[in-house]
Amino acid sequence: METNEQQPQMPEREALTAEQQIRRRTLKAFGLFGLASLVPVGIWKYITAQPKEAGIPTPLRAVLDGNEQVANTYFSNQHLAPTFNLEQAAKAVRVNGREGIRTELDPATWQLQVLQPGREKLMIPLEAIKALPKQELVFNFKCVEGWSQIQHWGGTRLSDFIAHYKLGTRTGQPAADEGDYFNYLGMETPDKGYYVGLDMASAMHPQTLLAYEMNGEPLTALHGAPLRLIIPVKYGVKNLKRIGTITFADDRPRDFWAERGYDYHVGL
Ligand SMILES: Nc1nc2c(c(=O)[nH]1)N[C@H]1C(S)=C(S)[C@@H](COP(=O)(O)O)O[C@H]1N2
Ligand SMILES: [Mo]
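Thresholds applied
- Residues numbered from 1 in each chain as written.
- Chains lettered and ligands numbered in written order.
- Predicted model: local features only at pLDDT ≥ 70, side-chain atom pairs only at ≥ 80, totals over all residues.
- Heavy atoms only, no water.
- Helix = DSSP H or I, 4+ residues; strand = E, 2+ residues; numbered from the N terminus.
- Buried < 20%, exposed > 50% of the residue type's maximum accessible area, 1.4 Å probe, protein only.
- Contact = heavy atoms within 4.5 Å.
- Pairing = 2+ DSSP bridges.
- Axes fitted to C-alpha atoms, helices over the stretch in contact; angles between N-to-C directions.
- Near = heavy atom within 4 Å.
- Polar contact = N/O pair within 3.5 Å; in protein donor to acceptor, adjacent residues only side chain to side chain.
- Nonpolar A, V, L, I, M, F, W, Y, C, P; charged D, E, K, R; others polar.
- Phe/Tyr/Trp six-rings, centres within 6.5 Å; stacked < 30°, edge-to-face > 60°.
- Lys NZ or Arg CZ within 6 Å of the ring centre and 35° of its normal.
- Core = buried A, V, L, I, M, F, W, Y, C linked by side-chain atoms within 4.5 Å.

*Asks:* For this particular structure, what's the right way to read the overall build of the protein chain?
*Replies:* Along the protein chain, the regular secondary structure elements total 6 helices and 10 strands. Per-residue burial for the protein chain yields a buried fraction of 51% across its 268 residues. A sequence separation of at least 24 residues applies to 69% of the contacts in the protein chain between residues at least 6 apart.

*Asks:* Would you explain the sheet that holds strand E2 (residues 122-125) in this entry?
*Replies:* The sheet built from 5 strands is open, its strands ordered E2-E1-E10-E5-E6 with mixed pairing. Looking at which strands have only one partner, the edges of the open sheet turn out to be E2 and strand E6 (195-199). Taking the axes of each pair of neighbouring strands and ignoring which way they run, one obtains an average angle of 20° across the sheet. Pairing analysis gives 5 bridges linking strand E5 (residues 184-188) to E6, with the strands arranged antiparallel. Looking at the pairing, Glu188 lines up with Tyr195 of E6.

*Asks:* Please explain the site of ligand 1 as it appears in this structure.
*Replies:* Close to ligand 1 lie 19 residues; Arg94, Glu99, His223, Arg228 and Lys241 are nearest. Contacts to ligand 1 include Glu99, whose backbone N or O atom sits 2.7 Å from a nitrogen atom. Within the contact set of ligand 1, a nitrogen atom lies 2.9 Å away from a backbone nitrogen or oxygen of Asn239. Looking at the shell around ligand 1 residue by residue, the class counts come to 8 nonpolar, 6 polar and 5 charged.

*Asks:* What's the story with the packing of aromatic side chains in this structure? I'm lost.
*Replies:* For any pair of aromatic rings, the description rests on two quantities: the centre-to-centre distance and the angle between the ring planes. Taken as a whole and assessed by the stated rule, the structure comprises 8 aromatic pairs. On the numbers, 5.9 Å between centres and 15° between planes, the contact of Phe141 with Trp147 is stacked. Exposure class is identical for Phe141 and Trp147. Each is buried. Taking the centre distance of 5.0 Å and the plane angle of 40° together, the rings of Tyr194 and Phe256 count as tilted. Residue Tyr194 is located in the loop between E5 and E6, and its partner Phe256 is located in the segment after strand E10 (245-249); the two are separated by 62 residues in the primary sequence. Residue classification places Tyr194 among the buried positions, given a relative accessible area of 11%. A relative accessible area of 6% means that Phe256 is categorised as buried. Connected via pairs of aromatic rings, a cluster forms that spans Tyr194, Tyr195, Phe256, Trp257 and Tyr262. Of note, Arg252 hangs over the ring of Tyr264, and the distance from its end group to the ring centre comes to 3.9 Å. A cation over a ring is seen here: Arg260 above Phe256, with NZ or CZ 3.6 Å from the ring centre.

*Asks:* I'm lost on the nonpolar core in this one. Help?
*Replies:* One recurring pattern in soluble globular proteins: nonpolar side chains tend to sit buried together. In this structure, Leu112, Leu158, Phe161, Leu185, Met187 and Ile246 are the most contacted members of the largest nonpolar core, which totals 39 residues. When contributions to this core are tallied by element, the ones reaching two or more residues are strand E1 (111-115), helix H4 (126-130), helix H5 (158-164), E5, E6, helix H6 (200-203), strand E7 (209-214) and E10. Judged by nonpolar contacts, the second largest core, of 13 residues, contains Val93, Leu209, Leu219 and Ile230.

*Asks:* What am I meant to see in the pairing of E2 here?
*Replies:* Along any regular strand, the residues point their side chains to alternate faces of the sheet. Bridging between E1 and E2 involves 4 bridges; their strand directions are antiparallel. If you follow Val114 over to E2, its bridge partner there is Leu122. If you look at the hairpin formed by E1 and E2, you'll find 6 residues sitting between the two strands, and Gly118 has a positive phi there, around 75°.

That is the geometry; function is a separate question.
Right under this line is the structure:
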């Protein structure tokens, strides 16, 4: 964490400490709410089961601290990113990265494709995603190139989406415990020009959003309309714009920047 960061301000409605919140959300996300006493061990086992990659020396190294390997695999997806007040959010939001979004896309015909091993593919329209519980988030978006900006996003939690459609488990049923989930979730643009891979714990993090709004307005094309990923536990590179397909898998999905020598996890 940078020392020059603005003091985080948690919204008033969040009376729980960050740790309580994440614990509660994680328990809910993994369907273990009634088994609270067992959870520290279960969660720990899940976290430690995440693959540990040796990183490749790259320019990215310059902005990651020495604990990055440990932080990425054990801790990055278990803390809450600091949140800010609406007034602190940037009005002129930076645009960065146009891989996979250079062509025109008709939002009216767009549907989200979901692929899972051994199951029928799903096609889900935007209206169905907007009908799920809405979550807004004001946080400090960080790009590996060195800039950051406080931004305001709105959408639905990826974990709520996964729970609603009973996705991501090998059984096809709601998860009885965290081991039921596939190891990874991959996302790619409709033209497959940009793609990212996420460990399931990061995907299920309570601040990870399928975002369809920025500053209270529908996403613009350059910010990833009609639907993009917002994942505060990762650097900007993982925040894929214009999601076409979500794929669940046990093997690590391909990742655009990992293929170009960057660390696979790029966690914060
Ligand atoms: N489809 C797509 N998504 C993308 C990228 C891209 O090139 N193509 N760039 C990533 C990077 S490096 C950053 S920093 C953020 C920037 O998001 P923004 O343009 O909304 O600021 O998008 C990420 N998502
Ligand atoms: Mo970035």
